[in-house]
Structure formats: structure tokens, C-alpha cells
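# Architecture at a glance
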Amino acid sequence: MGTTALGSSITSEAVNSLRLKIEELEAERGRLEEANKILEMRLERLSLQGSYDPSKVKVIHFSMNPATKARQQRKDGVQNLQDECIRLRELVRILEGGSTVPDKLEAAGSIQSPVQEVSELKKQVESAELKNQRLREVFQTKIHEFRTVCYMLTGYRIDITTENQYRLTSMYAEHKEDSLLFKSTSPSGGKLQLLDTGFSRTLKDFIDLHLHHQNSIPAFLSAVTLDLFSRQTFA
């Protein structure tokens, strides 16, 4: 009896631990999925805003678009992970209640004892962790793609320095330390304020016209880009 009680205690602790792990995986999956969706929407919006000269730029259309394929693979992976977490939660609920696991919830073969069930749950958690890792890799890839697209379309490399603070460095900057610093002044990021830097002090006319008078950050950044570009072109 002592051995049985000890085994039940260990199994109960293992089940509780697995249940918490599954909840963590679900929470992480939700965050990654939402972040990927936001990046995807921003990439599509940037692509739509981008312009090109048909006489100078050749546009190639793929019959099997890599971006579309990647989006579908990511969508399938997220759905599979969501289904897996739901199944794991149901398994844990049944184990905690002391009931028999239905055939449709068994992962592979027959689960005959609580210890075997816990072992199977551990394997499923490892699988979910691996899927989350792959999702994180997709997220990192999307971040890199997003930064590259921003750089190519706007001419600015955007770096997050601290929370709600962004450094913009032009591809035409004359010195590597020449940068603009913006700070978000609203929780949603809808309002930005230009902070003082050594480079911004050289742009007083642009700041007065485009930020103070016209209240347009895009116009200000475009004017700075054209000014830096003209300096290199006619230097």
C-alpha cells in the first residue's frame, strides 16, 4: 500500500507539473501567433506602400510564391500546436479525475497505467516545446524580414533602444553616429516625439517645417533622406 500511495503522489505531482507546462506553452503560442500576425500585416502594408519605376525595376512573379508558402506553413504549424495543447489539457483533466483515457485521446498505442500516461504526456510536452521553438524561429525570421523591408522601402534602419524608443539611421548617413531618436508617447504607439540628438540639431529647418508646421513625420523623414542623398550625389 505504501508503494501505491507513493506512486499515486508522484503521478499527481507529475500531472500538475505537466498541466502548468501546457498552460505556459499555450500562452507562449498565443503571444507568438499574435506577434507573427502583426508582422505579417505590417509587411503587407509596407509592400503596398512601396513604389517602383517599371522602366528600371523588373518584377518577377512566382507561380509558387515563397512568402505565401511560408505563411501557410506557419498557419498550419500554429493550428497543429493549438490542437495539440487542447488534447493535452483534456488528457490532464481526465488523469486528474482518475478516469480512463478514451481511445481518441491516446497518442500512440494503449495507455495502461497512470505512470505510462504521465510518460506519454511528457513526450507530448516535448513535442509542443519543439513546435514552439520552431514558431519562435519563424518569428525571428519575420523580424529580420520586416527590418530589411523597412530599410529598403524607407531608407532607414530602425532599432529599438529602450521600451517605446526607436533609433532611425539613414542608409545615406554621412557618419555612422548620425541618427534620429523617436519616443512613443501613447500606449498604442500612435504618437511619436522626436528626441534631441547631435544629428537632429543640424535639421532645424526641416523640423520647423515638417514637424512643427506640417505635423508630418513621413514628410520630415523623406526630406532628410533627399537632403542626405543629394549630398552624396553631388559630393
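Residues numbered from 1 in each chain as written. Predicted model: local features only at pLDDT ≥ 70, side-chain atom pairs only at ≥ 80, totals over all residues. Heavy atoms only, no water.

## Observations regarding the overall build of the chain
Looking only at helices and strands, the chain features five helices and four strands. Reading the chain from its N end, one meets helices and strands in the order α-α-α-β-β-β-β-α-α. For the chain, the residues scored as buried account for 31% of the 235 residues in total. Sequence separation of at least 24 residues holds for 51% of the intrachain contacts in the chain that already meet a minimum separation of 6. For the chain, the accessible area works out to roughly 15800 Å², and carbon and sulfur atoms hold 54% of it. (Helix = DSSP H or I, 4+ residues; strand = E, 2+ residues; numbered from the N terminus. Buried < 20%, exposed > 50% of the residue type's maximum accessible area, 1.4 Å probe, protein only. Contact = heavy atoms within 4.5 Å. Areas by Shrake-Rupley, 256 points an atom, 1.4 Å probe, with all protein chains shown as cover.)

## Comments concerning the pairing of strand 1 (residues 156-162)
Note that strand 1 and strand 2 (residues 165-170) share six bridges and pair antiparallel. If you follow isoleucine 158 over to strand 2, its bridge partner there is leucine 168. (Pairing = 2+ DSSP bridges.)

## Let's talk about the pattern of salt bridges
Following the criterion strictly, the structure yields eight salt bridges and no others. Glutamate 174 is the partner of arginine 231 in a salt bridge, and the nearest nitrogen-oxygen pair spans 3.0 Å. With arginine 231 in helix 5 (residues 217-233) and glutamate 174 in the loop between strand 2 and strand 3 (180-184), the pair connects residues that are 57 residues apart, well separated along the chain. Counted as one network, the salt bridges with shared partners bring together Arg147, Arg157 and Asp159. (Salt bridge = Lys/Arg side-chain N within 4 Å of Asp/Glu carboxyl O.)

## What about the sheet that holds strand 1?
What the four strands build is an open sheet, ordered 1-2-3-4; its pairing is antiparallel. Unpaired on one side and paired on the other, strand 1 and strand 4 (192-195) mark the two borders of the sheet. For this sheet, the mean angle separating the axes of adjacent strands, direction not counted, is 30°. Where strand 2 and strand 3 come together, four bridges link them in antiparallel fashion. (Axes fitted to C-alpha atoms, helices over the stretch in contact; angles between N-to-C directions.)

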